[in-house]
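Coordinate inspection notes
Residues per chain, in single letters:
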Amino acid sequence: MSGQAVIQVDAFTAAPFRGNPAAVCVLSAARSTEWMQSVASEMNLAETAFVTPRGAGFDLRWFTPSTEVDLCGHATIAAAHVLWEEGHLAPGAVARFDTRSGVLTAAGADGWIWLDFPSKPVLPVPPLDGLGAALRAEIGFTGQNDLGYLIVEVGSERAVRELRPDLARLESLPARGVVVTSRAETRGYDFVSRFFAPALGVPEDPVTGSAHCSLAPYWAERLGQSEMTGFQASARGGIVRVRLAAPRVHLGGQAVTVLRGELLV
């Protein structure tokens, strides 16, 4: 029986079983939203990417186990990695994706994959009632981007790493996700972060490219740097390089294939 190939890639890492895993399906023709959502639920990863050839580029859609999302960095890196590795795109060619967030591109350079993504500036907002209790942390700055993510700065890298939020309370808040961040104290990194999105079916995302579309301009303003390295301090951990190119941001990450399979339905 012949089926649909599914490839699992760990993104924002050069080592297997680190970074953020994404499933990638390269389709020969478009499938229904319902089918894609069912596959993403079956994969049960933070994101499953569906790539369909279109003209000189590809359509790209991203699904969590419970919903379609507007922007995803790690599954875009995974998709580009698969296109090159599986021969759908020539080595060195730029991958061009039509998405719900407009045209996005991915290009390889020196073992890294660089995404051209929209910058998502952070606007200050008052802390939501119950946010501190949900995070179980002392909150400093609170802001929001147009993806519906809250960006919360806390006092130290240690506070970020030791965070143990109440996920049920977080899910009840009117936010699609919560990014918790601080300046880095570990050598080699400029800032650290974690990302929680229980409302999207992702209690904690291991490494979140879309969050770095806001973390890049946020920390650039505070650190006075246009190029930085972020570390997402989840259990798996992952490195995201960022470069400001207003009104865009370039996100750099690595990727490794860990599984090839076949969906038989």
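Source: prediction; values computed, not measured. (Residues numbered from 1 in each chain as written. Predicted model: local features only at pLDDT ≥ 70, side-chain atom pairs only at ≥ 80, totals over all residues. Heavy atoms only, no water.)

**Focus: the overall build of the protein chain**
The condition that has to hold: Per the convention used, a helix needs a DSSP run of H or I reaching at least four residues, while a strand needs a run of E reaching at least two, with both numbered from the N terminus. Based on C-alpha atoms, the radius of gyration is set beside the globule rule, defined as 2.2 Å times the residue count to the power 0.38. Each residue's exposure class comes from its accessible area (1.4 Å probe, protein chains only) as a fraction of the maximum for that residue type: buried when under 20%, exposed when over 50%, partly exposed otherwise. The contact rule is simple, with two residues in contact once any of their heavy atoms fall within 4.5 Å. Surface exposure here means Shrake-Rupley accessible area, sampled with a 1.4 Å probe, where a residue is shielded only by the protein chains that are shown. Charge counting follows a simple rule: Lys and Arg are positive, Asp and Glu are negative, and His as well as the terminal groups are ignored. Charge positions are represented by NZ for Lys, CZ for Arg, CG for Asp and CD for Glu.
A tally of regular secondary structure across the protein chain gives 6 helices and 18 strands. Here the C-alpha radius of gyration of the protein chain, 18 Å, is about what a compact globule of 265 residues would show, namely 18 Å. Referenced to the eigenvectors of the C-alpha coordinate spread, the extents of the protein chain come out at roughly 55 × 35 × 30 Å. For the protein chain, the proportion of its 265 residues judged to be buried stands at 53%. Considering only contacts within the protein chain whose residues lie at least 6 apart along the sequence, 63% involve residues at least 24 apart. Split by element, the accessible area of the protein chain, about 11,400 Å² in all, is 50% carbon and sulfur. Both charge centroids of the protein chain, one from 22 positive and one from 27 negative side chains, sit 2 Å from each other.

**Some words on the nonpolar core**
Our working definition: Within this scheme, the nonpolar core is defined by two criteria: the residues are buried Ala, Val, Leu, Ile, Met, Phe, Trp, Tyr or Cys, and they are joined through side-chain atoms within 4.5 Å.
Membership of the largest hydrophobic core comes to 55 residues, with the highest contact counts inside it found for Val 51, Trp 62 and Phe 97. Counting 18 residues, the second largest nonpolar core, distinct from the first, contains Val 160, Val 178, Phe 196 and Phe 231.

**Here's the deal with empty space enclosed by the protein**
For the record, the criterion: Site definitions follow a grid-based scheme: protein atoms alone, a 1 Å grid, a 1.4 Å probe that fits but cannot get out for cavities, and for pockets an open set with protein on both sides within 12 Å along at least five of seven lines, plus lining residues having an atom within 4 Å of a point. Grid points are joined across faces, edges and corners, and a volume is the space filled by probe spheres set on the points. All amino acids are sorted into three groups, where Ala, Val, Leu, Ile, Met, Phe, Trp, Tyr, Cys and Pro are nonpolar, Asp, Glu, Lys and Arg are charged, and the leftover types, Gly among them, are polar.
Counted by the stated rule, this structure contains 3 cavities of 30 Å³ or more. A volume near 130 Å³ is recorded for the largest cavity. The wall of the largest cavity is formed by 17 residues, among which Glu 47, Tyr 149, Phe 195, Asp 205 and Thr 208 lie closest to the centre. When residues of the lining of the largest cavity are traced back to their parent elements, those giving at least two are β13 (191-197), β14 (202-205) and α6 (209-223). Of the residues that constitute the lining of the largest cavity, the class distribution is 10 nonpolar, 5 polar and 2 charged. Of the pockets and cavities examined, the second largest cavity occupies roughly 70 Å³. Residue lining of the second largest cavity: Val 69, Asp 70, Leu 71, Leu 147, Tyr 149, Arg 176 and Leu 200, and that is the complete set. Split into classes, the residues belonging to the lining of the second largest cavity amount to 5 nonpolar, no polar and 2 charged.

**A short note on the pattern of salt bridges**
What counts, and what does not: Take a side-chain nitrogen of Lys or Arg and a carboxyl oxygen of Asp or Glu: if they are within 4 Å of each other, that pair is a salt bridge.
Per the stated rule, a full pass over the model turns up 16 salt bridges. Asp 59 is paired through a salt bridge with Arg 54; the nearest N and O atoms lie 3.1 Å apart. Residue Asp 59 is classed as partly exposed on the basis of its relative accessible area of 28%. Arg 54 gets classed as partly exposed once you look at its relative accessible area, which sits at 48%. When the shortest N-O distance is used, the salt bridge between Arg 260 and Glu 86 registers 2.8 Å. In this pair, Arg 260 sits in strand β18 (residues 255-263) while Glu 86 sits in the loop between α2 (74-85) and β6 (95-99), placing the two residues 174 residues apart along the sequence. For Glu 86, a relative accessible area of 33% corresponds to the partly exposed category. When salt bridges that share partners are traced, they join Arg 61, Glu 68, Asp 70 and Arg 100 into one network.

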